[in-house]
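Single-letter residue listing:
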Amino acid sequence: MRKRQFLQTAAAALLACSALSSAQAQTTPLKFQLDWRFEGPAAFFVHPEQKGYFKEVGLDVNVEAASGAGAIQRVASGTHDLGFADLAALMEFHANNPEAPIKPVAVMVIYNTTPASVMALKKSGITKAADLTGKKMGAPIFDAGRRTFPLFAQANGVGPVQWTTMDPPLRETMLARGELDAVTGYTFTSLLNLEARGIPREDIVVLPYATHGVQLYGNVIIASPKLIAQKPEALRAFLKAFAKGTKEAIAQPEVAIASLKAKDGLVKTDLEIKRLKLTIETAVDSEGARKEGFGRLKPERLKLMAEQVATAYETKNPIPVDAVWNGSFLPSAAELDVLPKR
């Protein structure tokens, strides 16, 4: 009797181990590169990672903060499968690297509206876009707002300005010190950085590109062509799990930032909750996203953006929209229904 029970127990254990090994063998590892540090917006990706939503769909996703090269370069080099990047920068990469063996493709829109803004202090006398003519402006050389400033200038009748280049941490410091008249940057980054330097929000002038005639898409999820070709179901699963986590992050930013804090203990909870909420307000839950649907885009708007980027970035020709966008892996409309009801 005991021998039979022993054999049954051993058989059950062996079966359980076999099932576990099989499940592990079926788990697909994916490397994901953020566009920046573990700050508020990163919670969109870290939350489903920490809650196990990627594992639920058979994925082992490692979300990494940006360090050195950006997400486009990481995915293009083959070291990462997926990333988070500015769509205009992706278009520029395609235009300037026609012979690149790996050219990342956008598969989901996260920032339907570019979060780029011009920011100045009221004491500078700048109250509207036209006041920027002849002023000292600053931003890192790669800043999305600086790269597309010619579009902002053209739409608002801004004449020549003087540009100063600096590393990202110095941008808001130089503005606060009066060394610059205005800066370009993502609203949810520069605005909070200025407040952190003791400047009240009411003393800051914010000129969002989106409300000043520049209707560019912002950041998107990008994927490697290799992942698209060889593991399409893994990509579909990733976007599905991501959408689930994003709906929770939008509904409960505090919960999403708790996940971010679990990933990186140095996260300043209160600050990053504010940043995530501002990101949702300025870039995610926009009128464009309401009209086009979260995650999606309009081909005609994308085509116009490609033409504008070719002009602003001084590339030779606009990139065909089907070269940079593939929306065939998007989750269902029900799964993409992540924006709160109004």
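Further up the page is the structure itself.
Rules of the game
Residues numbered from 1 in each chain as written. Predicted model: local features only at pLDDT ≥ 70, side-chain atom pairs only at ≥ 80, totals over all residues. Heavy atoms only, no water. Pairing = 2+ DSSP bridges. Helix = DSSP H or I, 4+ residues; strand = E, 2+ residues; numbered from the N terminus. Axes fitted to C-alpha atoms, helices over the stretch in contact; angles between N-to-C directions. Contact = heavy atoms within 4.5 Å. Buried < 20%, exposed > 50% of the residue type's maximum accessible area, 1.4 Å probe, protein only.

1. Things to note about the sheet that holds strand β8 (residues 182-186)
- A sheet is described by the order of its strands in space; here five strands give the open sequence β7-β6-β8-β5-β9, paired in mixed fashion. Each edge of the open sheet is held by one strand with a lone partner, namely β7 (162-164) and β9 (204-208). Geometrically, the sheet is characterised by an average inter-axis angle of 30° between neighbouring strands, direction not taken into account.
- Bridge count between strand β5 (residues 116-121) and β8: five bridges; the pairing is antiparallel. Bridge pairing links Val118 to Thr184 in β8.
- Contacts from helix α9 (residues 187-196) reach β5, β8 and β9 within the one sheet, and its direction differs from that of β8 by about 125°.

2. As for the side chain of Thr315
- Residue position: Thr315 is located in the loop between α15 (299-312) and α16 (321-324).
- What Thr315 contacts, discounting residues up to four positions off in sequence, is Glu92, Ala95, Asn96, Val309 and Ala310.

3. Digging into α9
- Within α9, eight of the ten residues are buried, which leaves it mostly tucked inside the rest of the structure.
- For α9, the elements touching its buried residues are β5, α8 (171-176), β8, β9 and α13 (269-284).

4. Some details on unusual backbone geometry
- Even without glycine at this site, Glu314 takes up a positive phi of about 60°.
- In this structure, Glu314 sits in the loop between α15 and α16.
- A relative accessible area of 72% means that Glu314 is categorised as exposed.

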